[in-house]
Amino acid sequence: MLKKIALASAISAVSMTSGAAFAQNFTLSSPDLKAGKFTNEQFLSESYGFGCSGGNASPHLSWSGAPSGTQSFVLTVYDKDAPTGFGWVHWVVANIPGNATEIARGITPDGSGLPAGALQTRTDFGVPGYGGPCPPQGSTHNYVITLTALKVDKLPDAVTQNATPALVGFFAKANSLGQATLVVNQGR
């Protein structure tokens, strides 16, 4: 019995290690970030009332080295330092096809420019679509851009454009093969 437990533990450790090693090759980048920072083009627009007057245009993102078996991706942009007590989700894109390697800059709220089948869901602004960063004046925030590779070709039908970030996150974590992350330390 102890030999079976030891063997099962060894197999589990090897499978976790090999997956983690492969995930290290999964990278996410953005040619639109200048010196690792968002530009005014990507900042939130004045119409939102948070004090920024940017273009609210999503950045171009590209990736490589997705884990074997990837059938789709979920992209999130999250400000873990937002003064809400639990952060702020700026963008969620689900059902990005597994053969995609980029998202173009300037995706519109209706999803124009996204890869076929991809779906923007609700953010903490209350609507689908990209909402740029706007840290309070005099502060610096960490914006975490995460691309999650999934073992399913799309999330369940409960994930519509009105789905909350938490619902998308739940299904993404449940089907994750690995993640690529880019952190932008941004002040204003």
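Before reading further, recall that the structure is shown in the block above.
Since this is a predicted model, take the numbers as computed values, not measurements. (Residues numbered from 1 in each chain as written. Predicted model: local features only at pLDDT ≥ 70, side-chain atom pairs only at ≥ 80, totals over all residues. Heavy atoms only, no water.)

## What about the layout of surface pockets?
Approximately 270 Å³ is the volume found for the largest pocket. In terms of lining, the largest pocket is formed by 13 residues, of which the most central are T76, T146, G169, K173 and Q179. For the lining of the largest pocket, the secondary structure elements donating two or more residues are β3 (72-79), β4 (88-97), β7 (140-150) and α2 (165-174). Take the lining of the largest pocket: its biggest share by element is five residues, from α2. Within the lining of the largest pocket, the residues separate by chemical class into seven nonpolar, five polar and one charged. In this structure, the second largest pocket encloses a volume near 170 Å³. As for the second largest pocket, its lining consists of 14 residues, and the residues nearest its centre are F50, A82, P83, W88 and C134. Sorting the residues of the lining of the second largest pocket by element identifies β4 and β7 as the ones contributing at least two each. (1 Å grid on protein atoms, 1.4 Å probe; cavity = no way out; pocket = protein on both sides within 12 Å on 5 of 7 lines; lining within 4 Å. Points joined across faces, edges and corners; volume = space filled by probe spheres on them. Helix = DSSP H or I, 4+ residues; strand = E, 2+ residues; numbered from the N terminus. Nonpolar A, V, L, I, M, F, W, Y, C, P; charged D, E, K, R; others polar.)

## Quick notes on unusual backbone geometry
Positioned with a positive phi, A35 is a non-glycine residue whose angle comes to about 55°. Of note, A35 is situated in the loop between β1 (27-29) and β2 (61-64). One non-glycine residue with positive phi stands out, namely N95, at about 60°.

## Observations regarding the nonpolar core
W63, L75, W91, I96 and I145 are the most contacted members of the largest nonpolar core, which has 32 residues in total. Among the elements of the structure, β2, β3, β4, β7 and β8 (176-187) are those that each provide at least two residues to this core. Ignoring any residue separated from it by four or fewer positions in sequence, one finds L75 in contact with L61, W91, V92, V93, I96, I103, I145, T146 and L147. In terms of nonpolar packing, the next biggest core, distinct from the first, is built from 11 residues, V92, A94, A163 and F171 among them. (Core = buried A, V, L, I, M, F, W, Y, C linked by side-chain atoms within 4.5 Å. Buried < 20%, exposed > 50% of the residue type's maximum accessible area, 1.4 Å probe, protein only. Contact = heavy atoms within 4.5 Å.)

## A short note on the environment of H90
Tracing the backbone through its elements, the reader meets H90 in strand β4. Residues H90 and Y143 lie 53 residues apart in sequence; the distance between their C-alpha atoms is 9.0 Å. In this structure H90 touches V77, D79, T123, F125, G129, Y130, G131, G132, P133 and Y143, once residues within four positions along its chain are discounted. A polar contact of 3.1 Å, which involves the side chain of H90, links it to the backbone oxygen of G132. (Polar contact = N/O pair within 3.5 Å; in protein donor to acceptor, adjacent residues only side chain to side chain.)

## Section: the pattern of salt bridges
Counting across every chain of the model gives two salt bridges. Across the pair R105 and D32 runs a salt bridge, and its minimum N-O distance is 2.4 Å. Here D32 lies in the loop between β1 and β2 and R105 lies in the loop between β5 (102-103) and β6 (119-120), a separation of 73 residues in the sequence. Between D157 and K154 there is a salt bridge, with its nearest N and O atoms 3.2 Å apart. Exposure remark for D157: the relative accessible area of 65% places this residue in the exposed category. (Salt bridge = Lys/Arg side-chain N within 4 Å of Asp/Glu carboxyl O.)

## Here's the deal with α2
P165, V168, F171 and A172 are the residues of α2 that are buried. For α2, the angular spread of the buried residues around the axis is 135°, confining them to a single face. Opposite its buried face, α2 presents the exposed residues A166, F170 and K173, each directed more than 90 degrees away. Close packing links the buried residues of α2 with β3, β4, β7 and β8. (Arc of directions from axis to C-beta.)

## Some words on the sheet that holds β1
With respect to topology, three strands assemble into an open sheet ordered β1-β2-β5, the strand pairing being antiparallel. What marks the edges here is a single partner per strand, and that holds for β1 and β5. Across three bridges, the pairing between β1 and β2 is antiparallel. Bridge pairing in β2 places L28 opposite W63. (Pairing = 2+ DSSP bridges.)

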